[in-house]
Amino acid sequence: MKYVSTRGNAPELTFDDALLTGLARDGGLYLPKVWPQFSKADILAMQNMSYADVAIKVMSPFVAGSCIEQDDFEKIVRETYAVFDHDAVAPLKQLAPGQWVMELFHGPTLAFKDYALQLVGRLFDYVLTKRNEKVTIVGATSGDTGSAAIEACRDKDSIEIFILHPNGRVSDVQRRQMTTIMSANVHNVAIEGTFDDCQDMVKAMFNDEAYRDKLNLSAVNSINWARIMAQIVYYFYSAAQLGSPHRDVAFSVPTGNFGNVFAGYCAQQMGLPVSQFIVASNRNDILTRFLNHRGGNTPQVPVEPSHSPSMDIQVSSNFERLLYEFSGRDGAFIAEIMDEFRKKKAMFLDENQAGDMFEMFHGYSLSDKGTLEAISDYYKSTGELFDPHSVVGIRAAADWAGQDLPIVSLATAHPAKFPDAVKQASGVHPNLPPRLSDLLERKERYVEVPNDLDVVKLYVTDKIADRNNS
Ligand SMILES: *Cc1c(COP(=O)(O)O)cnc(C)c1O
């Protein structure tokens, strides 16, 4: 399998190179050159398979031709999903006739990002060890990504990981999921600034070529193809449980960077019969406006904070991959429109450039008030507590339901990750699972650093030097 850039002007890579590279040299995102195909019989066989077996089946064609041996890959996949807390890994729960919720919060940090990052961390370590290389991962987080990345990279000899978070601006649970990890290769840096300040610092470090090369900087952000690949698995797994390939399924996905819902599209391209995707947003609704106005000129407005912070995004980086697909994989066209989006600060697409995108993807958005009401309503009608991200997709699915097809809503975080909103809406304080019940008493370790790029850069180089000498 070879990987091509969405902007058509970067070298084709094998899986292992795409894994370590992340962003393509031409500014594009990597995608497989062809979609592996799964027949009806292949999907039928998945009805009785474990999550790990489906994962091996679905992902093996993407890894073929890389330095990762098939036997090793299978071992890594089995190890990865063995650490999840639920035997089904991604269990389905019924909410109403035809309406299902897939719980994607049974990983170490209680959010769906674990399903991909737990695998990606292991694959990084495998490939780097094989090549006798080391990397320094730097990332900025407003909450969920940092803890999932830290859990995925902790104790890996080939990786040092530095995660920047805005001091005092992430929830206690989110901060403690990062700062209580005592592994020697994990470094938490609290910046006296905002999330945007943290993100700007990370970008500046990557843009300093000498610094980047000296530390062999790398990222595990959501544009990494391997993360999308791992997310394809649970679409096959859940659809097979609900009777695929003999009946179509629809999915509703709470969306930020468009990575999770794009993985559903990939599953469909690989042969899974999916008839509808609902792209569910909070008050930051640029995707809803774009999809429901059929590509009409959609101005980008500043991001507003909401009850679902991991969806507070106005430029969904993975949307570029979808545009590439619907443009007939025309890299030059994508390079041109991405440049125009950036200059005009608006998203637009001529309807006849979009094929059937607007039939396949339906946009939905829910206000903060609607989010709290939905949490309260579901608690009353089903006894289930949902977090403020998941419930946006669940509400969207309920609005769409009744079309004679099962619809699966992806629950992307455990309610205990967002206790304040859940308590405000339902009156109930959601408890952490037993494994994390003492989280608020655990010892923390992090440094507080001023909002000064040079100080942060020096901190990273000093730490690396210390570690190399120890
Ligand atoms: C990251 C995240 C999302 C958004 O996922 P994308 O792949 O960026 O669309 C939704 N919910 C939660 C809880 C998240 O952590």
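The sections below set out a description of the structure shown in this document. For every chain, the first residue of the written sequence is number 1, and numbering continues from 1 along that sequence. The model is predicted, so local features are restricted to residues of pLDDT at least 70 and side-chain atom pairs to those at 80 or more, both for listing and for counting; the totals for chains, interfaces and linings are taken over all residues. Hydrogens and water molecules were not included; the side-chain quantities draw on all heavy atoms of the structure.

**With respect to the overall build of the protein**
For the protein, the count of helices and strands is 19 helices and 15 strands. When we talk radius of gyration, it's over C-alpha atoms, and the globule rule is simply 2.2 Å times the number of residues to the 0.38. Its C-alpha radius of gyration of 21 Å places the protein within 12% of the 23 Å reference for a compact globule of 470 residues. Projected onto its principal axes, the C-alpha positions of the protein cover 65 × 50 × 50 Å. By the burial criterion, 60% of the 470 residues in the protein qualify as buried. Going along the chain from the N terminus, every DSSP run of H or I of four or more residues is numbered as a helix, and every run of E of two or more is numbered as a strand. The buried label applies to any residue whose accessible area, calculated with a 1.4 Å probe on protein chains only, is under 20% of its type's maximum; exposed applies above 50%, and partly exposed to all values in between.

**Observations regarding the sheet that holds strand β3 (residues 92–96)**
If you trace the six strands from one edge of the open sheet to the other, you get β3-β4-β14-β9-β10-β13, paired in mixed fashion. The sheet terminates laterally at β3 and β13 (361–365), the two strands that pair on one side only. Taken over all neighbouring pairs, the strand axes of this sheet differ in orientation by 25° on average, direction set aside. Whether two residues are in contact is decided by their heavy atoms: any pair within 4.5 Å suffices. A fitted line through C-alpha atoms serves as each axis, taken over the contacting stretch for helices, and the angle formed by two N-to-C directions is quoted from 0 to 180°. Those strands touched by helix α10 (residues 225–241) are β3, β4 (99–103), β9 (249–254), β10 (274–281) and β14 (407–411), and its axis lies near 135° from that of β9. With respect to the sheet, helix α11 (residues 259–269) is in contact with β9, β10, β13 and β14, its orientation differing from that of β10 by roughly 175°. Note: two strands are recorded as paired if DSSP finds a minimum of 2 bridges between them.

**Quick look at the packing of helix α5 (residues 113–131) against helix α6 (residues 144–153)**
Orientation of α5 relative to α6, taken along the N-to-C sense of each, is 35°, at an axis distance of 8 Å. Crossing geometry of α5 relative to α6 is assigned as right-handed. Seen from α5, the contacting residues are K113, D114, L117, Q118 and G121; seen from α6, they are D144, T145, A148, A149, E151 and A152. Each residue gets one of three labels, nonpolar for Ala, Val, Leu, Ile, Met, Phe, Trp, Tyr, Cys and Pro, charged for Asp, Glu, Lys and Arg, and polar for the others, Gly among them. Residue composition of the contact of α5 with α6, by class: four nonpolar, three polar and four charged. Helix crossings get a hand from a simple test, with the near helix turned counterclockwise from the far one by less than a right angle marking a left-handed crossing and a clockwise turn marking a right-handed one.

**Considering the site of the ligand**
Only heavy atoms are used to decide nearness, and a residue is near a molecule or strand if one of them lies within 4 Å of it. Close contacts around the ligand come from 15 residues, with K113, D144, G256, N257 and T412 the closest. Pairs of N or O atoms within 3.5 Å make up the polar contacts considered here, provided that, within protein, one atom can donate a hydrogen while the other can accept it, and that residues adjacent in sequence are counted only when both atoms are side-chain atoms. Within the side chain of D144, one N or O atom sits 2.7 Å away from an oxygen atom of the ligand. Within the backbone of F258, one N or O atom sits 3.0 Å away from an oxygen atom of the ligand. For the ligand, the protein covers 96% of the area, taking 390 Å² as the surface of the free molecule. The class makeup of the residues in the shell around the ligand is five nonpolar, eight polar and two charged. Accessible surface is estimated by sampling points in the Shrake-Rupley manner with a 1.4 Å probe; for residues, cover comes only from the protein chains shown.

**A short note on the packing of aromatic side chains**
When two rings of Phe, Tyr or Trp (its six-membered ring) have centres within 6.5 Å they constitute a pair, described as stacked for plane angles under 30 degrees, edge-to-face for angles over 60, and tilted for the intermediate range. Counting across every chain of the model gives 25 aromatic pairs. For the pair F258 and F319, a centre-to-centre distance of 4.9 Å together with 90° between the ring planes defines the contact as edge-to-face. With a gap of 61 residues between them, F258 in the loop between β9 and α11 and F319 in helix α13 (residues 319–326) connect regions that are remote in the sequence.

**Focus on helix α17 (residues 390–400)**
Since there are 3.6 residues in each turn of an α-helix, residues three or four apart along the chain are aligned in direction. By the criterion of burial, α17 is predominantly enclosed, with nine of the eleven residues buried. One or two residues past the end of α17 sits G402, with phi positive at roughly 95°.

**What to know about the pattern of salt bridges**
When a carboxyl oxygen of Asp or Glu is within 4 Å of a side-chain nitrogen of Lys or Arg, the pair counts as a salt bridge. Per the stated rule, a full pass over the model turns up 30 salt bridges. Across the pair E444 and R175 runs a salt bridge, and its minimum N-O distance is 2.8 Å. Taken together, the residues span a long stretch of sequence, with E444 in the loop between α18 (419–426) and β15 (447–449) and R175 in helix α7 (residues 172–179) at a distance of 269 residues. For R175, a relative accessible area of 15% translates into the label buried. When salt bridges that share partners are traced, they join D172, R175, R176 and E444 into one network.

**Section: the pairing of β14**
In terms of burial, β14 is largely enclosed, as five of its five residues are buried. As paired strands, β4 and β14 are joined by five bridges and run parallel to one another. Paired with M102 across the strands is L410, a residue of β14. With three bridges joining them, β9 and β14 adopt parallel strand pairing. From the neighbouring strand, F251 faces β14, where its bridge partner is V408.

**Things to note about α5**
The span you would expect from a helix comes to 1.5 Å times its residue count less one. Relative to the 27 Å expected for 19 residues at 1.5 Å per residue, α5 spans 27 Å between its end C-alpha atoms, a close match to the ideal helical length. Taken across its 19 residues, α5 has 16 buried, putting it largely inside the fold. Count one or two residues on from α5 and you reach N132, which has phi positive near 60°.

**Description of the side chain of S147**
On the secondary structure map, S147 appears in helix α6. In this structure S147 comes out as buried when scored by relative accessible area, which is 1%. S147 has contacts with T109, Q177, M178 and K417, leaving out every residue within four places of it along the chain.

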